[in-house]
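Structural overview
Listed below, chain by chain, are the residues.
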Amino acid sequence: MSHENFPTDRPAVVTCGLPYANGDLHIGHLRGYIGADTFNRALRTLGQQSVYVCGSDMHGTPVAVNADKEGVDPEEFALRWHEQYTETFPKFSVDFDNYGHTHEETNVELTQSIVRALEDGGYVYEDEVLVAYDPQADDHLPDRYVVGTCPYCGEKARGDECDEGCQRHLEPGEIENPTSVRTGNPAEYRERTHKFFRVSEFSDYLTDFLDGLEGTSNARNQPRQWIEEGLQDWCLTRDMDWGIDYPGAEDEDIVLYVWVDAPIEYIASTKQYSERVGSEEYDWEEVWRDGGEIVHVIGRDIIQHHTIFWPAMLEGAGYNTPRGIAATGFITIDGKGLSTSRNRAIWAREYLEEGFHPDLLRYYLTTTGGLQQDVDFTWTAFQEKVNGELVGTIGNFWYRSLLFAYRNYEGTPEAEVSDEVRARIEDALEETRTAVNDYSVRDVGLSATRLAQFGNEYIQRNEPWKLTDDDPERAAQVIRDCVQIAKAVGVLLQPVAPGKAQALWDQLGEDGEVADTILETALEAPPRTFEEPGELFEKIEDDRVEDLEAKLEAKIEAAADRAETESDSESMTETTDDTTEDESTETETSDLEPLLEDRIGFEEFQELDIRVGQIEVAEGIEGADDLARLEVDIGFETRQVVAGIKRLHDLESLPGTKCILLANMEPAELFGVESNGMVLAAGEEADLLTTHDDAELGEKVR
RNA sequence: AGCGGGAUGGGAUAGCCAGGAGAUUCCGGCGGGCUCAUAACCCGCAGAUCGGUAGUUCAAAUCUACCUCCCGCUACCA
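A brief look at the structure comes next. Note that the structure is a prediction, hence the values are computed from the model and not measured. (Residues numbered from 1 in each chain as written. Chains lettered and ligands numbered in written order. Predicted model: local features only at pLDDT ≥ 70, side-chain atom pairs only at ≥ 80, totals over all residues. Heavy atoms only, no water.)

**A short note on the overall build of chain A**
Our working rule: In DSSP terms, a helix is any run of H or I states spanning at least four residues, a strand is any run of E spanning at least two, and both are numbered starting from the N terminus. In this scheme, a residue with accessible area under 20% of its type's maximum is buried, one over 50% is exposed, and one in between is partly exposed, where area comes from a 1.4 Å probe on protein chains only. Contact between two residues is taken to exist if any of their heavy atoms lie within 4.5 Å; hydrogens are not considered. Note on areas: these come from Shrake-Rupley sampling with a 1.4 Å probe, and a residue is covered only by the protein chains present in the view.
Scanning chain A from terminus to terminus reveals 20 helices and 27 strands. Looking at chain A residue by residue over its 702 residues, the buried ones come to 52%. Within chain A, counting contacts between residues at least 6 apart in sequence, those at least 24 apart form 73% of the total. Entry remark: accessible area of chain A is about 32200 Å², with carbon and sulfur atoms responsible for 43%.

Dropping the structure here:
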């Protein structure tokens, strides 16, 4: 089965994975939302009718548990995050046509009606399952809230997985010596009746579905394995009170599993949009019932939910299934996995507070590697991308063309666009069409960059500044071409960088919104006159990047220190926080810094004046969490040194300890205290280097 | 353990599905040019046995098999 290329005459809906109302948004979330937003905007430039919808995911155990910790109602807790998300998205030009949440009436009704439809179709049955129960807390414990002993290898294990031992997946009820993570008490098992969805009956349907599915290859290939292995039926209910009631069981302490109602929010949100604008303009039922174009952008960690359970549910309840599923890769920071608990993350708020335009991040995230690839974020790479492509290529071309046109013609010169340039722009439009149909937001952005690059070459090759006197007609022709290219770059860049594209649009004196234009507008003549243009992109300076990288490093270290001091008291309750990134995968080696490739000579080593010293005085610096002031005797003299070991060492016991000091370090002032050297230490716990024999104070280390 | 994705000049990325002279773009290095433009821009050069081994083929970065390393997934954690 293959699909008709976009644009089609059916309405489309683009969605992105629902943010879980349990924490701040970071760059990893933004990647998906920006990618989907870009895709939706690009679809529209093709002339495809399309809306972009999403909503907050309000239910599930983590919300209930964290609300409980704070002593607030889960709804209140989740709504707070929901409101924050609602405010954040527009700041990144993530422009949802509707943004709802899963606890709204629209979603509750729709979810219950879909579950009833599944029941009516005979796809739901009841079965008994063992559920861990904490008698003291009088609460049932979802699987990860239980720890115990693995029945297979005897290692310590979590309720659902033997994470430290044999890596086996554990079924509920299997784990031995179950213990509640929440109270530390022994847990007991209770038999409960739950509802199950006959996913297994959809094997053939899903196989066909996957054959026709567009999007990224991982979303197509990975589920095939699960189908071949035989699908297991899916438990639809949970022993909780926070969630959507199972229809007909409103009085019982049982709700629908969060993954049932979460994707239904895609439909509910579309419905809300449809009701707002009127079904004449956009009919949600046409999309979800009759065969509109449904595209999901998701993280690759939730592929199975979207390629197995979700289409099975839709099919079973008589709904339309997705045309495309694009599963994005993850974001890494400086080459290491993003980790919210370790604060190895760029938070949405942080980025905005730095004052960077959202389009810079949008461009970086969409054009650095394909949608499916993992993308590494470093401030240095961000700077290169911005300075090289946005400032140097696009910004520079826009500015030089428009400025030249303004100074010499007060706008667009009166001439016809040359055939060469017209053809080149048409190629660029075609590149974009292909990119959209390949689900490549990267090429959507790069088609604009490449066109700007052509523009730079074109202007250079024709040297209009030499022609203004000798051959005014030819000069006008060249500049006419350049202004047209500039406009086309704006139209092409809009899906990725809507704010900057609009700014160009305004400079060109165009009316209305560039976001409302279709690709063909790129070939229409710009207004005859326009005002003096300004520079649209600003270079990021090197020292700025150094600051940013240092700041990032510092906050990661601070988080590590905090975890260190808290780990003793909270070890029982810390096992489950939020975890897209898992502690168990972060082994020792992946945490080590990679070895440096560059070798240095002996002379360079000699430049490091490393001495044996002895700590004479150690005291904390007031106002600093981590810093301590040390006085170190290095034979010749006693140095005052500041070290970040306040919380990691017992300062009173340090005097008398030998240490190793980098003596010719540039002096620095930290918290008002001058530091004249660096005490060497290793590891996150700042294990101090020392000597073990007769090295005397002041001796050089070599 | 199984499965999915990845490994391409110093760094980063495209190409692979539909095999065809060792290939894209960006950063960095070297040389030149230009001056309309944000020390920008344009041109040229250097630099890679396309992770390894075998195979299919007239032809392999691309297809097949096996191997190594990295990331992820394995379903009641959103």
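**Side note on the pairing of strand S3 (residues 98–101)**
Along any regular strand the residues' side chains alternate between the sheet's two faces. We count it as follows: A pair of strands is considered paired only if DSSP assigns at least 2 bridges between the two.
The alternating pattern of S3 places Asn98 and Gly100 on one face and Tyr99 and His101 on the opposite face, and all of these are buried. As paired strands, strand S2 (residues 50–56) and S3 are joined by four bridges and run parallel to one another. Following the sheet pairing, Cys54 is matched in S3 by Tyr99.

**So, a negative patch on the surface**
Counted only if it meets this: Note on patches: the residues involved have over 30% relative accessible area and no salt bridge, like charges join within 9 Å, and the nonpolar side chains Val, Leu, Ile, Met, Phe, Trp and Tyr join within 5 Å. We count a salt bridge whenever a side-chain nitrogen from Lys or Arg sits within 4 Å of a carboxyl oxygen from Asp or Glu. Counted charges follow a simple rule, with Lys and Arg positive, Asp and Glu negative, and His plus the chain ends left uncounted. Charge positions are represented by NZ for Lys, CZ for Arg, CG for Asp and CD for Glu.
On the surface, a cluster of negative charge is made up of Glu535, Glu538, Glu541, Asp542, Asp543, Glu546 and Asp547. Considering the arrangement of structural elements, one finds Glu538 in the loop between helix H17 (498–507) and helix H18 (542–570).

**Brief notes about the protein's contact with RNA strand B**
This is how it is decided: By convention in this text, a residue qualifies as near a molecule or strand provided that one of its non-hydrogen atoms is within 4 Å of it. Pairing of N or O atoms within 3.5 Å defines a polar contact, subject to two protein rules: one partner must be a possible hydrogen donor and the other a possible acceptor, and residues neighboring in sequence count only if both atoms are side-chain atoms.
Around RNA strand B sit 59 residues, and of these Thr61, Val258, Trp259, Arg442 and Gln453 come closest. Across the atoms of RNA strand B situated within 4 Å of the protein, the share located in sugar and phosphate is 73%. A distance of 3.3 Å is found between a phosphate oxygen of RNA strand B and a backbone nitrogen or oxygen belonging to Gly370. Glu384 places a side-chain nitrogen or oxygen 2.9 Å from a sugar or linking oxygen of RNA strand B. When residues of the surface near RNA strand B are traced back to their parent elements, those giving at least two are helix H2 (61–70), helix H6 (217–228), helix H7 (258–277), helix H9 (303–316), helix H12 (379–409), helix H14 (441–462) and helix H15 (464–470). No other element matches H12, which puts 10 residues into the surface near RNA strand B.

**Observations concerning the layout of surface pockets**
How we decide: A cavity here means a set of 1 Å grid points, computed over protein atoms only, where a 1.4 Å probe fits but cannot escape. A pocket is an open set with protein on both sides within 12 Å along at least 5 of 7 lines, and lining residues have an atom within 4 Å of a point. Grid points are joined across faces, edges and corners, and a volume is the space filled by probe spheres set on the points.
Estimates place the volume of the second largest pocket at around 290 Å³. Lining the second largest pocket are 16 residues; nearest its centre among them are Ala64, Asp139, Arg182, Met240 and Asp241. Elements represented by at least two residues in the lining of the second largest pocket include exactly H2 and strand S5 (139–141). Ranked by the residues each element gives to the lining of the second largest pocket, the list is headed by H2, at four residues.

**A look at the pattern of salt bridges**
Counting across every chain of the model gives 28 salt bridges. Ionic pairing is found between Glu430 and Arg433, a salt bridge with its closest N-O pair at 2.7 Å. Of this pair, Glu430 and Arg433 both sit in helix H13 (residues 419–437), three residues apart, which is roughly one turn of that helix. Across the salt bridge formed by Arg450 and Glu431, the nearest N and O atoms sit 2.6 Å from each other. Pair noted here: Arg450 is in helix H14 and Glu431 is in helix H13, with a separation of 19 residues, a long-range link. When its relative accessible area of 33% is taken as the criterion, Arg450 is described as partly exposed. Given a relative accessible area of 28%, Glu431 falls into the partly exposed group. Beyond isolated ion pairs, a larger network of salt bridges with shared partners links Glu4, Asp9, Arg10, Glu214, Glu293 and Arg323.

**Focus on unusual backbone geometry**
Here Phe6 and Pro7 are connected by a cis peptide whose omega angle stands at 0°. Examined against the element boundaries, Pro7 turns out to sit in the segment before strand S1 (12–16). Backbone geometry at Glu410 places phi at a positive 55°, although glycine is not the residue there. Turning to its location among the elements, Glu410 is positioned in the loop between H12 and H13.

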